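Each chain, written out:
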Amino acid sequence: MEIERKYLLNALPSDLDRYPSKKIEQAYLCTDPVVRIRRSNEDYYLTYKSKGFLMREEYNLPLNREAYLHLCEKADGIIISKTRYLIPLTDQLTIELDVFDAPYEGLTLAEVEFPDEASANSFVPPSWFGEDVTYSSAYHNSTLSQGKGPKK
């Protein structure tokens, strides 16, 4: 079970380059239900996600490069490209900060995953976080892949 909240950002941290990052490319074979393929640096995955907002089932299966490239040819819509920064927040929480490439350049989102629903509901975001978009499907990557998301 994935339990996460998602936020737009008021500003990027000025020291962003000091945090570990990875280049992510992802495409969608289906958006209802969500079936996604992802390259994260040189790791490859096939992911199934159930419907939902704050809480969703998520299953990841490893792929090899050849399978990923083969499935990319079958993807619907836009292949999403972004850089993900991993920013420690507490001993148990990490901010996954995504800076999107074209066609969504300028869009930045922060996600925080939680061990349980109570932790997610009591979370107080840092002051540099902006609007909570956890319950907005407009900011799901599957929506962005269909060209239906906000262009910032």
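Structural data are supplied above this passage.
The following paragraphs examine the structure supplied in this document. Along each chain, the written sequence defines residue order, and numbers are assigned to residues from 1. Thresholds applied to this predicted model are a pLDDT of at least 70 for local features of residues and 80 or more for the giving and counting of side-chain atom pairs; totals over whole chains, interfaces and linings are not thresholded and use all residues. Only hydrogens and water are set aside; all other atoms, that is, all heavy atoms of the structure, feed into the side-chain values.

### So, the overall build of the protein chain
Here is the rule we go by: Going along the chain from the N terminus, every DSSP run of H or I of four or more residues is numbered as a helix, and every run of E of two or more is numbered as a strand. When accessible area is computed with a 1.4 Å probe and restricted to protein chains, residues below 20% of their type maximum are described as buried, those above 50% as exposed, and intermediate ones as partly exposed. Methods summary: accessible areas were calculated by the Shrake-Rupley approach with a probe of 1.4 Å, and residue burial reflects only the protein chains presented. Counted charges follow a simple rule, with Lys and Arg positive, Asp and Glu negative, and His plus the chain ends left uncounted. Every charge is mapped onto a representative atom, which is NZ of Lys, CZ of Arg, CG of Asp or CD of Glu.
Helix and strand counts for the protein chain stand at three helices and 10 strands. For the protein chain, the C-alpha atoms occupy an extent of roughly 40 × 30 × 30 Å along the three principal directions. A burial count over the protein chain gives 44% of its 152 residues as buried. For the protein chain, the exposed area adds up to about 8000 Å²; of that, 49% sits on carbon and sulfur atoms. Averaging the locations of the 18 positively and 24 negatively charged side chains of the protein chain gives two centres separated by 4 Å.

### Side note on the side chain of R39
Just so we agree on the cut-off: Polar contacts here mean pairs of N or O atoms no more than 3.5 Å apart (in protein, one a potential hydrogen donor and the other a potential acceptor; neighbouring residues in sequence count only if both atoms are side-chain atoms). Residue contacts follow a heavy-atom distance rule, with two residues in contact if any of their heavy atoms lie within 4.5 Å.
In this structure, R39 sits in strand 3 (residues 34-40). Look at R39 and you get buried, because its relative accessible area is 19%. One polar contact links the side chain of R39 to the main-chain carbonyl oxygen of N41, over a distance of 3.2 Å. Apart from residues no more than four positions distant in its own chain, R39 is found in contact with K23, I24, E25, Y44 and Y68.

### A few points about helix 1 (residues 65-72)
Formally: Working definition: the arc comes from the directions between the helix axis and the C-beta atoms, pointing outward to the latter.
Taken together, the buried positions of helix 1 are occupied by Y68, L71 and C72. For helix 1, the angular spread of buried residues about the axis comes to 105°, placing them on one side. Capping the start of helix 1 is the job of one residue whose side-chain oxygen sits 3.2 Å from the backbone nitrogen of E66: N64.

### Quick word on the packing of aromatic side chains
The condition that has to hold: Ring pairs shown here join Phe, Tyr and Trp side chains whose ring centres sit within 6.5 Å, with only the six-membered ring taken for Trp; geometry is labelled stacked below 30 degrees between planes, edge-to-face above 60, and tilted in between.
Scanning the entire structure with this criterion turns up seven aromatic pairs. Ring geometry for Y7 versus F123: centroids 6.1 Å apart, planes at 55°, classification tilted. Here F123 lies in the loop between helix 2 (117-122) and strand 10 (129-132) and Y7 lies in strand 1 (residues 2-9), a separation of 116 residues in the sequence. We note that Y7, like F123, is buried. Relative to Y135, the ring of F53 has its centre 6.1 Å away and its plane inclined at 45°; by these criteria the two rings are tilted. One end of the pair, F53, is in the loop between strand 4 (43-49) and strand 5 (55-56); the other, Y135, is in the loop between strand 10 and helix 3 (141-145), with 82 residues separating them in the sequence.

### Looking at the pattern of salt bridges
Under the convention used in this document: Each reported salt bridge corresponds to a side-chain nitrogen of Lys or Arg within 4 Å of a carboxyl oxygen of Asp or Glu.
All told, the structure shown has 12 salt bridges when counted by the stated rule. Note that K6 and E111 form a salt bridge whose closest N and O atoms lie 3.2 Å from each other. A residue pair is termed long-range when its members are at least 10 positions apart, and K6 in strand 1 and E111 in strand 9 (residues 108-113) qualify at 105 residues. Looking at E111, the relative accessible area reads 6%, which means it is buried. The salt bridge partner of E58 is K49, with a shortest N-O separation of 3.2 Å. Here the residues in one salt-bridge network are K6, K82, R84, E96, D98 and E111, joined through shared partners.

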